[in-house]
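# Descriptive structure summary
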Amino acid sequence: EKQGGDGVKSFYVSTPIYYVNDAPHLGHAYTTVAGDVLTRWHRQRGEKVWYLTGTDEHGQKIMRTAEANEVTPQEWCDKLVEEAWKPLWEHLNIANDDFIRTTEKRHTDRVQEFVQDLYDKGEIYKGGYEGPYCVGCEEYKLPGDLIEDEAGVKLCPIHKKPVEILKEENYFFKLSAYGPKLMEFYANNPGFIQPESARNEVVNFVKQGLQDLSISRSTFDWGVPVPWDEKHVIYVWVDALLNYATAVGYGANQEKFDGTFPANVHLVGKDILRFHAVIWPAMLMAQGLPLPGKVAANGWLMVGGEKMSKSNLTGIKPQDLTSHFGVDAYRWYFLRAIAFGSDGSFSWEDFSARYTSELANDYGNLASRVAAMVGKYFGGALPEATASGDAEKAVQEGLAKAVATADEKIGEELDFQAGILAIFDFVKQVNGYITEQEPWKVAKDTSPEGQARLATILYTAAESLRGVAVLLNAVMPETSQKLWESLGAEASLGALAEQRVQDAGSWGRLPAGTTVTKGAVLFPRLEEKPA
Ligand code: ME8
């Protein structure tokens, strides 16, 4: 239903495919949740969307981990994927359409064909290379990029671990030839790399001139064999990047491929920006394939001043946070607290404080107060708004503005923080409206005019919440569903997922007479922080 055939191309979003040398941590979940919010947002615009995630299973890093655990690499990957990676994405409500593993035949066969094609076209040649290699990055480093420890040992700037000098005869892709074409592409597509700082970094890097890329390894065998020389395996990054093509039918299902490829947005961390913004487009150019719309780099999630990583375990697992704060608050927190593209710290205290003030007090209490008042004063039947004035007009305009801003910020700019803030500003506005209108006082005026004002205030508040439920559905789907049901909107307007962003700001959608009930508490009070 989602793919091909109808001539409409899917809005295609991808996450990196993560290495399965260990279980996922907060950093991986950060990128994947961001992609999920973007996906759900575009779905709610009525677009066809394809959201891809998966795992990167070849290379030395995985091989060494499996050896250390005395299992085969394949056994190691199978176990981690099934017991750690897929369950976490399910737990976090990630609505991916596919999950690609690079050890799958649908991938490895196509990788071989792709590389063979480039070889046949003369884009690949045999040569020798010697240089510093970081196994953590699975990447040859430029000598100038290395840092030194106190003893003068050369270290990878990302992993802070010694690099190994690798000397190999292997196959090279003529990457250097693509520098000028890439520069032209960046110039013609200013939005290709986001944020601006990432774009500048890539442009400066390419401007200095590119070296050809070693695309095979012969010192170990955990990888896809080079088809014309099986003593070599294909470099894990070439293998990995191709997932974005193989997963959507490259070389196998042309209709699906045409209906999906290329990605509109590749979400990545800034550590793997060059692979996505330099090597990947060059590989596609060499093959005459279309280039992605955007590579969006998120910043580092820091804990205690350090980048969160598998080797720098901070002891906090996503599940530790979801069991305390709930899945929806988890999905919300990192996008709300950190500007996408910038580094940001996680602290338990900050999360708790924001949960209580923004989610429980501002949003949760608004929802429960409004439902309680409709129950108390109108027996749960949503009254009609017959006495609207300037105060109501301001609320209506506030909703329209929140919709427009959130759509622009989340849907277009991937500025999740600004989009969420716009929605919560509207929540604050509605709280302010209720405080000013004092419906509990108006309720004491039993004249027809008084009752009409009371009805109008409560209708205005409930209809505002209808808009909020739609707008927050991408970020906090379970909470929005609870609110949707409490407003009786499921019965009167249909499924929440079917509500369009484009209509969210048009006033008066929730029909009078709808049954409003006091539903489940959206954000329960937090328990004591676990020890
Ligand atoms: O690089 N803060 O896999 P990987 C924010 N297999 N994001 C973080 C993060 C942090 N502290 N730590 C990790 C690989 N990430 C390759 C990708 S794609 C063809 C191949 C996120 O397991 C961020 O998205 O090391 C980063 O790019 C990714 O996890 C790296 O995951």
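Residues numbered from 1 in each chain as written. Predicted model: local features only at pLDDT ≥ 70, side-chain atom pairs only at ≥ 80, totals over all residues.

## Details of the overall build of the chain
Where we set the bar: Here a strand is any run of E in DSSP of at least two residues, a helix any run of H or I of at least four, and the numbering for each starts at the N terminus. The atom set for the radius of gyration is the C-alpha atoms, and the globule formula is 2.2 Å times the number of residues raised to the power 0.38. Put simply, a residue is buried when 20 or more other C-beta atoms lie within 10 Å of its own C-beta and exposed when 12 or fewer do; between those, it is partly exposed, and each C-beta is set from the backbone. We call two residues in contact when the distance between their C-beta atoms, placed using the backbone, is within 7 Å.
What the chain contains, in helices and strands, is 20 helices and 18 strands. At 26 Å, the chain has a C-alpha radius of gyration in line with the 24 Å of a compact globule built from 531 residues. The dimensions of the chain, computed from C-alpha atoms along their principal axes, are 90 × 55 × 40 Å. Buried positions account for 46% of the 531 residues belonging to the chain. Considering only residue pairs separated by 6 or more positions, the chain has 75% of its internal contacts joining residues 24 or more positions apart.

## Regarding the site of the ligand
To be explicit about the condition: Residues are counted as near a molecule or strand when the C-beta atom, derived from backbone positions, lies within 6 Å of that molecule or strand.
The local shell around the ligand holds 22 residues, among which G27, T31, D56, G269 and L301 are the closest. For the shell around the ligand, the secondary structure elements donating two or more residues are β1 (11–19), α1 (26–44), α7 (236–241) and β14 (265–269).

## Describing the sheet that holds strand β11 (residues 216–217)
Applied cut-off: DSSP calls a pair of strands paired once it identifies at least 2 bridges connecting them.
The strand order across the open sheet built from three strands is β11-β13-β12, with neighbouring strands paired in antiparallel fashion. Each end of this open sheet is capped by a strand with a single partner; those strands are β11 and β12 (225–226). Where β11 and strand β13 (residues 229–234) come together, two bridges link them in antiparallel fashion. Counterpart to S216 in the pairing with β13 is I234.

## Topic: the environment of R336
Tracing the backbone through its elements, the reader meets R336 in helix α12 (residues 327–337). Spatially, the C-alpha atom of R336 lies 9.9 Å from that of V475, the residues being 139 residues apart in sequence. Not counting residues within four places of it along the chain, the set of residues in contact with R336 comprises R354, Q417 and I420.

## Digging into the packing of helix α5 (residues 179–188) against helix α10 (residues 273–287)
Just so we agree on the cut-off: Structural elements are reduced to axes, namely lines fitted to C-alpha atoms, with helices fitted over the stretch in contact, and the angle between N-to-C directions of any two is expressed from 0 to 180 degrees. Every angle not falling under 35 degrees, over 145, or within 65 to 115 is termed oblique; those three ranges are roughly parallel, roughly antiparallel and roughly perpendicular. Just so you know the grouping, Ala, Val, Leu, Ile, Met, Phe, Trp, Tyr, Cys and Pro go in nonpolar, Asp, Glu, Lys and Arg go in charged, and all remaining residues, Gly too, go in polar.
Relative to each other, α5 and α10 sit at 105°, their axes nearing to 10 Å. One finds that α5 runs roughly perpendicular with respect to α10. Here α5 contributes K181, L182 and F185 to the contact with α10, which in turn contributes V278, P281, A282 and M285. A breakdown of the residues in the contact of α5 with α10 according to their chemical character gives six nonpolar, no polar and one charged.

## Side note on the sheet that holds strand β15 (residues 294–298)
Spatially, β3-β2-β1-β14-β15-β9 is the arrangement adopted by the six strands of the open sheet, whose pairing is parallel. Taken across any chain shown, the strands that pair with only one partner, and hence form the sheet edges, are β3 (98–101) and β9 (193–194). Note: β9 against β15, two bridges, orientation parallel. By the bridge assignment for β15, I193 is matched with V295.

## What about the nonpolar core?
Basically, it comes down to this: Note on definitions: a nonpolar core is a set of buried residues drawn from Ala, Val, Leu, Ile, Met, Phe, Trp, Tyr and Cys, linked by C-beta atoms within 7 Å.
Counting 152 residues, the largest nonpolar core has V37, L241, I279, V370, I423, L458 and A462 as its most contacted members. Examining the composition of this core, we find that 13 residues originate from one element, helix α17 (residues 448–472), more than from any other.

## Focus on unusual backbone geometry
Following Q194, the chain continues to P195 via a peptide bond in cis, the omega torsion being -5°. Residue position: P195 is located in the loop between β9 and α6 (196–207). Of the consecutive residues F261 and P262, the connecting peptide bond is found in the cis state with omega at -5°. Considering the arrangement of structural elements, one finds P262 in the loop between α9 (254–260) and β14. In the Ramachandran plot, E70 falls in the positive-phi region, its phi being about 55° despite a non-glycine side chain. Judged by C-beta crowding, with 8 C-beta atoms within 10 Å, E70 ranks as exposed. Non-glycine residue K160 carries a positive phi angle of around 55°. Its place among the elements puts K160 in the loop between β7 (154–155) and β8 (164–173).

## A word on α6
Selection rule: One less than the residue count of a helix, multiplied by 1.5 Å, gives the span that helix is expected to have.
Its twelve residues place the ends of α6 16 Å apart at the C-alpha level, agreeing with the 16 Å of an ideal helix rising 1.5 Å per residue. On its buried face, α6 is in contact with α5, β9, α10 and β15. At the exit of α6 stands G209, carrying a positive phi of roughly 100°.

## Concerning the confidence of the model for the chain
Let me state the cut-off plainly: On a range of 0 to 100, pLDDT expresses the predictor's confidence in each residue.
Across the chain, the average pLDDT comes to 95, with 98% of residues at or above 70. At the level of chain-chain contacts, confidence expressed as ipTM amounts to 0.99, with global pTM at 0.95.

## Here's the deal with the pairing of strand β4 (residues 124–134)
Pairing of β4 with β8 involves ten bridges; the strand directions are antiparallel. Opposite G131, over in β8, you have L166 as the bridge partner. Two elements, β4 and strand β5 (residues 139–140), share two bridges in a ladder whose sense is antiparallel. Along β5, the bridge assignment pairs C134 with E139. If you look at the hairpin formed by β4 and β5, you'll find four residues sitting between the two strands, and E138 has a positive phi there, around 50°.

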